[in-house]
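# Fold and contact review
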Amino acid sequence: MSNLLNHPEILNKARGEIDELTGSDRLVDEQDIVNLPYLQNIVSETFRLYPALPLLVARMSSNDCKVAGYDMPRGTMLLTNVWAMHRDPKLWKEPERFKPERFEEQGEDKKLMQFGLGRRACPGAALAQRLVCFALGSLVQCFEWKRVDEKYVDMTEGKGASMPKATPLRAMCKARPIVGKVM
Ligand code: HEM
């Protein structure tokens, strides 16, 4: 929501995609998500720049092994800096820019690691991805959104393993006609 409020043109495009799919008589449903690629790309781009667990979960090697060519003796703690990988200019064009369109290029989403990777990756990834898209899609479909003033939403990160916002989001919203129709 913070990113969408700072980029109203992206918010409009997402709303257009939803309206085109659902028409003006029904609410977006979980089954619609597969047919809303732009909405999915917004969620991917948000996880890229603001991964919910920027250092994943601390892991420890149970045996001697190699990771990316480095020797990892048994018992070594490994922290994966996904935040840095998601902003690496060697991997991403204009890495600091919020640009959901980048995921229209095939294979770009394969570079994301917001749910970790491999055997200990998040088992709730598919559920979480769908629910985040569904929740965001519902908010976009049902309300007009605006910043509380001209100032951009502050995206500064606060302290904590899950990278909370330093300043909680405040926004203005107004119900769209669809809400009156279906409620
Ligand atoms: C947006 C939501 C979520 C995000 C961003 C997220 C992200 C993550 C990440 C990064 C890890 C660590 C992976 C690693 O160390 O490589 C993890 C682990 C885990 N997640 Fe999630 N997760 C989310 C939602 C969920 C949900 C909905 C569930 C359950 C229904 C879930 C269950 C778990 C469990 C059980 C683990 C530990 C797996 C293990 O250690 O083997 N997560 N998650």
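Residues numbered from 1 in each chain as written. Predicted model: local features only at pLDDT ≥ 70, side-chain atom pairs only at ≥ 80, totals over all residues. Heavy atoms only, no water.

Within an unreviewed UniProt entry, the label attached to the protein chain reads Cytochrome P450 81D11-like, and the organism entered is Raphanus sativus. The annotation that UniProt attaches to the protein chain under Cofactor (unreviewed entry) is "heme". Here the protein chain is described in UniProt, under the heading Subcellular location (unreviewed entry), as follows: "Membrane". (UniProt positions renumbered as here; feature names shortened; annotations may be inferred.)

Along the backbone of the protein chain there are six helices and six strands. If you line up the protein chain on its principal axes, its C-alpha atoms span 60 × 35 × 30 Å. The proportion of buried residues among the 183 residues of the protein chain is 33%. Each charge class in the protein chain was averaged separately, 27 positive and 24 negative side chains, and the resulting centres sit 4 Å apart. (Helix = DSSP H or I, 4+ residues; strand = E, 2+ residues; numbered from the N terminus. Buried < 20%, exposed > 50% of the residue type's maximum accessible area, 1.4 Å probe, protein only. Lys, Arg positive; Asp, Glu negative; His and termini not counted. Charge placed at Lys NZ, Arg CZ, Asp CG, Glu CD.)

Another point: helix H3 (residues 37–49). Between its first and last C-alpha, H3 extends 18 Å over 13 residues, near the 18 Å set by a 1.5 Å rise per residue. Listing the buried residues of H3 in full gives Tyr38, Leu39, Asn41, Ile42, Val43, Ser44, Glu45, Phe47, Arg48 and Leu49. On its buried face, H3 sits against helix H1 (2–6), helix H2 (8–22), helix H4 (82–85) and helix H5 (125–142). (Expected span 1.5 Å × (residues − 1). Contact = heavy atoms within 4.5 Å.)

For a metal with four tetrahedral donors the ideal donor-metal-donor angle is 109.5 degrees, while six octahedral donors give ideal angles of 90 or 180 degrees. For the iron atom of the ligand, the protein contributes exactly one donor atom, Cys122 (SG), at 2.2 Å. Mapped onto the fold, Cys122 is located in the loop between H4 and H5. (Donors = N, O, S within 2.8 Å, 3.2 Å for Na, K, Ca; no water.)

With the rule as written, the count across this model stands at 15 salt bridges. The closest approach of N and O atoms between Asp25 and Lys181, which form a salt bridge, is 3.5 Å. A residue pair is termed long-range when its members are at least 10 positions apart, and Asp25 in the loop between H2 and H3 and Lys181 in helix H6 (residues 177–182) qualify at 156 residues. With respect to burial, Asp25 and Lys181 carry one shared label: exposed. Across the salt bridge formed by Lys111 and Glu108, the nearest N and O atoms sit 3.1 Å from each other. The structure contains a network of salt bridges with shared partners spanning Arg15, Asp19, Glu144 and Arg176. (Salt bridge = Lys/Arg side-chain N within 4 Å of Asp/Glu carboxyl O.)

As enumerated under the stated definition, the model contains zero disulfides in all. For Cys142, which is in no disulfide, the shortest distance to another cysteine sulfur is to Cys173 and amounts to 10 Å. (Disulfide = S-S within 2.5 Å.)

Turning to the site of the ligand, a few remarks are in order. In the vicinity of the ligand, 16 residues are found, and the nearest of them are Arg59, Phe115, Arg120, Cys122 and Pro123. Here an oxygen atom of the ligand sits 3.0 Å away from a polar atom, N or O, in the side chain of Arg59. In the environment of the ligand, an oxygen atom lies 2.6 Å from a nitrogen or oxygen atom belonging to the side chain of Arg120. Within the shell around the ligand, the residues separate by chemical class into 11 nonpolar, three polar and two charged. (Near = heavy atom within 4 Å. Polar contact = N/O pair within 3.5 Å; in protein donor to acceptor, adjacent residues only side chain to side chain. Nonpolar A, V, L, I, M, F, W, Y, C, P; charged D, E, K, R; others polar.)

Our next topic: the packing of aromatic side chains. Working definition: an aromatic ring pair is given by the centre-to-centre distance plus the angle between the planes. Applying the stated criterion across every chain, the model contains three aromatic pairs. When the centroid spacing of 5.6 Å and the interplanar angle of 65° are considered together, the rings of Phe47 and Phe115 count as edge-to-face. Taken together, the residues span a long stretch of sequence, with Phe47 in helix H3 and Phe115 in the loop between H4 and H5 at a distance of 68 residues. Phe115 sits in the buried class, given a relative accessible area of 19%. The ring of Trp92 is capped by Lys111, whose NZ or CZ atom sits 4.4 Å from the centre of that ring. (Phe/Tyr/Trp six-rings, centres within 6.5 Å; stacked < 30°, edge-to-face > 60°. Lys NZ or Arg CZ within 6 Å of the ring centre and 35° of its normal.)

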